[in-house]
Structures are given as C-alpha cells and as structure tokens.
Amino acid sequence: MSWHKQVTFWVSVLAIFVAAAWLLSSVLLPFVAGLALAYFLNPVTTRLESWGVNRLLASLVTIGLTLLLAILLMLMVVPIFGAQLAAFIQRLPEYIVKLQNLMAGEGQKTAWLRDFIGDRMPSIQQGLSELVSQGATYLLTLIQGLWTGGAALISLFSLLVITPVVAFYILNDWNHMVEKVDSWLPVKHRDVVRDLARQMDRAIAGFVRGQSLVCLILGSFYAISLTMTGLNFGFVIGFISGIITFIPYVGSLTGLVLAAGVAIVQFFPDYSMIGLVIGIFVFGQFIEGYILSPKLVGDSVGLHPVWLMFALLAFGYMLGFLGLLLAVPLAAAAGVLVRFAIEQYLESPLYTGEEEPAALAPPSPTPVAPKSWVS
C-alpha cells in the first residue's frame, strides 16, 4: 500500500473516531472514566499478579480498595468542601465589592493610595469595576458550563456503578486486550508502531499518574495550610488550587489570585497575614517545581504547557467533561506522532534534497542442482 493510501486510511479512522466521540459524548463518559481508572490502576494490579495473585482476584482487590478509599475521602472531604464552596459562591459578590473598594482607595486605611493616584482615580475605578465584573461573569459562566456540560450528564448511577464495573472488566482483561490489539498491527510496520505505542504510554503514564499525585499532594498542602492561617474558605480554595495544578501555570495562578483576594479583604491592613498566604503558594510552587514534578512526573513527558492548555480548552469546548478526560492522553499521543513525523521528514529527500537511490536489481538466483535420492 502506498504512503498516500495509508495516510488516507488513518485520517479516515481518526475522523470517524472524533465524530463518534462527539455524537456519543454523553454516553461514553462513564466508559472513558472506567478506562482511565483501569489505566491508572493497572500497575498495582500487575504488581499483585507478579506476587502470585490471580488476575481476577487482583482486579477485585484493586477496585475494592480504590472504592473504599474514595468513599472514605468523600465522607471526610465532601461535607466541608460543599459547605465552604456554597458559602464562597454566596459571598463572592460581597468580596468583589470590598476588594474593588480597597483597590479604588476608599476609606481611611487606603487614603495614601487615593492621594498617590490623584485625578486618575475615577478612570482607574471604572477600569477595575469593568475588570472585576467581567472576571466574575466569566467565572460564573465557566462554572455553569462545567455543570451543564459535565455534572448534568454524569448521573450518580454511572459514577458509582458503571465506572467501577467497566474499570474492573478492563483491568481483568487488560493483557488479553493488549495482545489482541497487538495482533491487529500491520505486520510490515509492527516494530515501529510498538515503539510509538511505548513512547505514548511513557508520556501518558508519566503525566497522568505522576501529575495526579502532584495535584493530590499540593491540594492537601494548600487546603491544610490555608485553613491553619484562618483564611476564610481556605480549604476549598486550597483544594481547588491543587486539583487544577495539572493545567500549567493556570492552576497555581488561579489559586494565588483567589487566596490573595480573600486575604486582602479579610486581613487588610495586616500585611503579615497577607504575605503569609502568598508565601504558602510560593513555597508550594517551589516544592512542585524542584521536588514533586521532577520525582513523580519526570522529564520524559514531552508535553509543552502551551500545547497542553490548548488541548484542554479545545477538547473541553468540543466534548465537555469527556473532552477534559481525553485531552491529556490525546495530546500526549499527538505529541509523539508529531515528533515521529518530524524525524521522518528530516531524514527524507523532501528535506535533504537528495534523490532516493535507484532500486538495485535483485541478483539472479544461483541454480541449485536437484537432490539425488542417493546420499
């Protein structure tokens, strides 16, 4: 098969996959979540199997312990998180008004700022009002979009029943599925495809599994530290900041802005407490950049922050919550394929300008005398 026919075939497969995912996004969500959970837990199941545990029993133990841990975590965290999140959303307009007044220099405590700005105060105040209102509108629209595009499609039944069941069956049949897919690979390019698949697996596993641990550790650190400082809604701000750390720079910056804004409204003019809140995020970024990410994620992921943010926004816009689940693995796979395509291009005559050598005629076969029945 010529190369253009191969390209046409794989582009058609990709188009069919994207169209099916878009049409069935609301139905595929628990199955994709189950596949992601199985991929995340497969190393644990494989380790238990290497210790002599039957694959079926190892899958049951892994899924059971994961569900038990998730239930305990929900019982401990969800009540606090839900109460603080509801109170934070309810008091968000009040905090925005107070922050706007402080930034505009109203009151005796900020008279020095009003004197310093002088006649430019009305224009600055108007600009701050527009900025704050637009930011609040965008935040509320984002929350509403995530709710209608994600939570409205996620039923309690699918979360608690379908996803674990799908994850269990995939875990139990993981080795057979891999062998079956491997048997479907083109024979001529099987080694190349296997190498690309290993690179994709390293990239996806390095980011998904490693970054999940980073998010969990940072979320716990931020939530506990901000709560100990006495910051209002410190638990929910810290938890959200840690969870969205997987988006490069956006997660940490969002948490810093939220925490600093609440700290200014609550503690002003106590600059030591405001500095302490900001220092928590600075320290968190230090341990993430120099300890957690190098140890847990590593340098072999190959996902550029800009490419990752684009993938999250693009897939999230097209497929909603399902797109957010698919964004990272698809971005990692696309990155591996793009690097492979560039390597092939740099070695091709299209880049070097050299003509391909003419195919040599195969040597004529040497005549072999027929064997005699006499040895």
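Note that the coordinates shown come from a computational prediction; the quantities given were computed from them, not determined experimentally.

Thresholds applied
- Residues numbered from 1 in each chain as written.
- Predicted model: local features only at pLDDT ≥ 70, side-chain atom pairs only at ≥ 80, totals over all residues.
- Heavy atoms only, no water.
- Helix = DSSP H or I, 4+ residues; strand = E, 2+ residues; numbered from the N terminus.
- Buried < 20%, exposed > 50% of the residue type's maximum accessible area, 1.4 Å probe, protein only.
- Contact = heavy atoms within 4.5 Å.
- Areas by Shrake-Rupley, 256 points an atom, 1.4 Å probe, with all protein chains shown as cover.
- Core = buried A, V, L, I, M, F, W, Y, C linked by side-chain atoms within 4.5 Å.
- Salt bridge = Lys/Arg side-chain N within 4 Å of Asp/Glu carboxyl O.
- Polar contact = N/O pair within 3.5 Å; in protein donor to acceptor, adjacent residues only side chain to side chain.
- pLDDT = per-residue confidence, 0-100.
- Phe/Tyr/Trp six-rings, centres within 6.5 Å; stacked < 30°, edge-to-face > 60°.

Engineer: Teacher, can you tell me more about the overall build of the chain here?
Structural biologist: Tallying secondary structure elements over the chain gives 14 helices and zero strands in all. Along the chain, helices and strands appear, N-terminal first, in the series α-α-α-α-α-α-α-α-α-α-α-α-α-α. Residue burial in the chain is summarised as follows: out of 375 residues, 30% are buried. Here the analysis covers contacts within the chain between residues at least 6 apart in sequence; of these, 71% occur between residues at least 24 apart. For the chain, the computed accessible surface area is about 24,300 Å², with 72% contributed by carbon and sulfur atoms.

Engineer: Looking at this structure, I do not really get the nonpolar core. What am I missing?
Structural biologist: Formed by 28 residues in total, the largest nonpolar core has its most connected members in Leu 226, Leu 231, Ile 237, Ala 259 and Val 277. When contributions to this core are tallied by element, the ones reaching two or more residues are α3 (55–104), α8 (190–228), α9 (234–243), α10 (250–267) and α11 (271–297). For this core, the element with the most residues is α11, which contributes seven residues.

Engineer: It is not clear to me how the pattern of salt bridges should be interpreted in this structure. Could you clarify?
Structural biologist: Once their charged atoms are close, side chains differing in charge can pair, the charge on each being opposite to the other. Applying the stated rule across the entire model yields two salt bridges. Its salt-bridge partner being Arg 55, residue Glu 49 comes within 2.9 Å of it at the nearest N-O pair. Asp 182 is the salt-bridge partner of Arg 194, the closest N and O atoms lying 2.8 Å from each other. Here Arg 194 is found in helix α8, whereas its partner Asp 182 is found in helix α7 (residues 174–183), with 12 residues between them in sequence. The class for Arg 194 is partly exposed, based on a relative accessible area of 29%.

Engineer: Can you walk me through the side chain of Thr 62 in this structure?
Structural biologist: Here Thr 62 lies in helix α3. A relative accessible area of 5% places Thr 62 in the buried class. A polar side-chain atom of Thr 62 sits 3.2 Å from a polar atom in the side chain of Thr 45. Residue contacts for Thr 62: discarding those within four places in its chain leaves Leu 41, Val 44, Thr 45, Leu 48 and Leu 171.

Engineer: Whenever I open this one, the confidence of the model for the chain confuses me. Can you help?
Structural biologist: Should the pLDDT be low somewhere, the predicted coordinates at that spot are not to be read in detail. Per-residue confidence for the chain gives a mean pLDDT of 76, with 76% of residues at or over 70. For the chain, helix α4 (residues 111–117) is the element with the lowest average pLDDT, namely 53, and α7 is the one with the highest, namely 88. Across residues 146–154, confidence stays below pLDDT 50; counting only partners more than four residues off in sequence or on other chains, it has 12 contacts. Scored below 50 in pLDDT, residues 367–375 shows zero contacts in the model against residues more than four places distant or in partner chains.

Engineer: Even after reading the chapter, I still don't get the packing of aromatic side chains, so can you show me in this structure?
Structural biologist: Both the distance between ring centres and the angle between the ring planes are used here to describe each pair of aromatic rings. Evaluation of the coordinates by the stated rule reveals eight aromatic pairs. Both rings, one in Tyr 222 and one in Phe 281, keep their centres 4.6 Å apart while their planes meet at 25°; by these two values the pair is stacked. Remark: Phe 281 occurs in helix α11 and Tyr 222 occurs in helix α8; sequence separation between them is 59 residues. In this structure Phe 281 comes out as buried when scored by relative accessible area, which is 3%. Ring geometry for Phe 235 against Phe 239: centres 6.3 Å apart, planes inclined by 10°, an arrangement best described as stacked. Residue Phe 235 and its partner Phe 239 are both found in helix α9; the two are separated by four residues, about one turn of the helix. Given a relative accessible area of 16%, Phe 235 falls into the buried group. Counting every residue linked through ring pairs, the aromatic cluster contains Phe 221, Tyr 222, Phe 281 and Phe 283.

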